[in-house]
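Residues per chain are reported as follows:
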Amino acid sequence: APAHPLWPEIERVTLEQLQYARLGVEGGVWQLFAEDGEMKMYKREEEVDGLAVDPLKAVHTVKGVTGREMTHYFFSPDVRFEWETTLEQMKVLETIADDTLVILQIHKRVWPASQRDALFWSHVRRVPNDTDRDAQDIWIACNHSTEHHEAPSNEGKMVRVSLTVCLVCQTSIEPPSDGGPVTRDHLTCKITYCSVVNPGGWVPTSALRAVYKREYPKFLKRFTQYVKDRCDKQPILF
Ligand SMILES: Cc1cccc(-c2n[nH]cc2-c2ccc(F)c(-c3ccc(S(=O)(=O)CCO)cc3)c2)n1
């Protein structure tokens, strides 16, 4: 593993997020707040220092793509402006490895709050499926707030959020009964998107919850549709 000061934290947080994502939404602690076809969005209402920091967990089933493809397009900074509608600026501050970056993002201001930015490391990895030999490997992409000497001090113009986000994908293949080749029609990708965002500065709880309720379903629908469109008619990446 690369000898970078962030590496131990990247390893720990990525594997913690994998376990967290794989925990179901049973137990009554998660409140279903949005549903659209296969997509189900849950939240927990939690406040830290009077700030709503509502953990979010979304589950979705997407046909015709693999977990490697889904996490690749989530991780890749090159395509982020194509699906992340609230992004205003983005800068890759450090390339730690081809699967590990440090990114600064400035997002569009949401009235009446002040504009926010996010500084985080981003990592994507394949995790062999240790429980079920026949199953495909699991893929996880994880974004977690960090410090970085290259991050411009935004002279108080911006409020910095702190976030931990993961996208965990499990692909399954239903092979064609006629023994023919596996095509995208035989692929199903089960995804779990988890996010905890501390808005960093005071936002009225009701306004923040309204933003989450509007933005998260829109984001996940748009992102997963973007990946389906990009992968359509392309060779399958397992
Ligand atoms: C999807 C969503 C939920 C809640 C708020 C908003 C939003 N609306 N206007 C500005 C933002 C905004 C402000 C700060 C942020 F850090 C992110 C933010 C959201 C997601 C991620 S990510 O890591 O899931 C995907 C990469 O951008 C990173 C930052 C988004 N968008």
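Residues numbered from 1 in each chain as written. Predicted model: local features only at pLDDT ≥ 70, side-chain atom pairs only at ≥ 80, totals over all residues. Heavy atoms only, no water.

A. Helix H1 (residues 7-22), seen in detail. In this model H1 runs 23 Å from its N-terminal to its C-terminal C-alpha over 16 residues, within 8% of the 22 Å that 1.5 Å per residue would give. Within the sequence span of H1, burial applies to Trp7, Ile10, Val13, Thr14, Gln17, Leu18 and Ala21. Along the axis of H1, the buried positions cluster into a sector of 140°, meaning they face one direction only. (Helix = DSSP H or I, 4+ residues; strand = E, 2+ residues; numbered from the N terminus. Expected span 1.5 Å × (residues − 1). Buried < 20%, exposed > 50% of the residue type's maximum accessible area, 1.4 Å probe, protein only. Arc of directions from axis to C-beta.)

B. Quick peek at the pairing of strand E11 (residues 162-173). In the sheet, strand E9 (residues 138-145) pairs with E11 via seven bridges, with the strands oriented antiparallel. Considered in E11, the bridge of isoleucine 140 is made with valine 168. In this sheet, strand E12 (residues 187-198) lies alongside E11 in antiparallel orientation, the contact comprising twelve bridges. Note that in E12 the partner of glutamine 170 across the bridge is lysine 190. (Pairing = 2+ DSSP bridges.)

C. Focus on the site of the ligand. In the neighbourhood of the ligand, 20 residues make up the surrounding shell, with Glu84, Gln105, Val110, Asn143 and Tyr193 lying closest. Residue asparagine 143 places a side-chain N or O atom 2.9 Å away from an oxygen atom belonging to the ligand. When the ligand sits alone it has 610 Å² of accessible area, and the protein chains cover 95% of it. Using a 2 Å cut-off from the grid points, one finds that the ligand occupies the largest pocket. Contributions of two or more residues to the shell around the ligand are made by helix H3 (80-83), strand E7 (100-107), E11 and helix H4 (205-231). Tallying contributions element by element places H4 first for the shell around the ligand, with five residues. Considering only residue class, the shell around the ligand consists of twelve nonpolar, four polar and four charged. (Near = heavy atom within 4 Å. Polar contact = N/O pair within 3.5 Å; in protein donor to acceptor, adjacent residues only side chain to side chain. Areas by Shrake-Rupley, 256 points an atom, 1.4 Å probe, with all protein chains shown as cover. 1 Å grid on protein atoms, 1.4 Å probe; cavity = no way out; pocket = protein on both sides within 12 Å on 5 of 7 lines; lining within 4 Å. Sits in = over half its atoms within 2 Å of the grid points. Nonpolar A, V, L, I, M, F, W, Y, C, P; charged D, E, K, R; others polar.)

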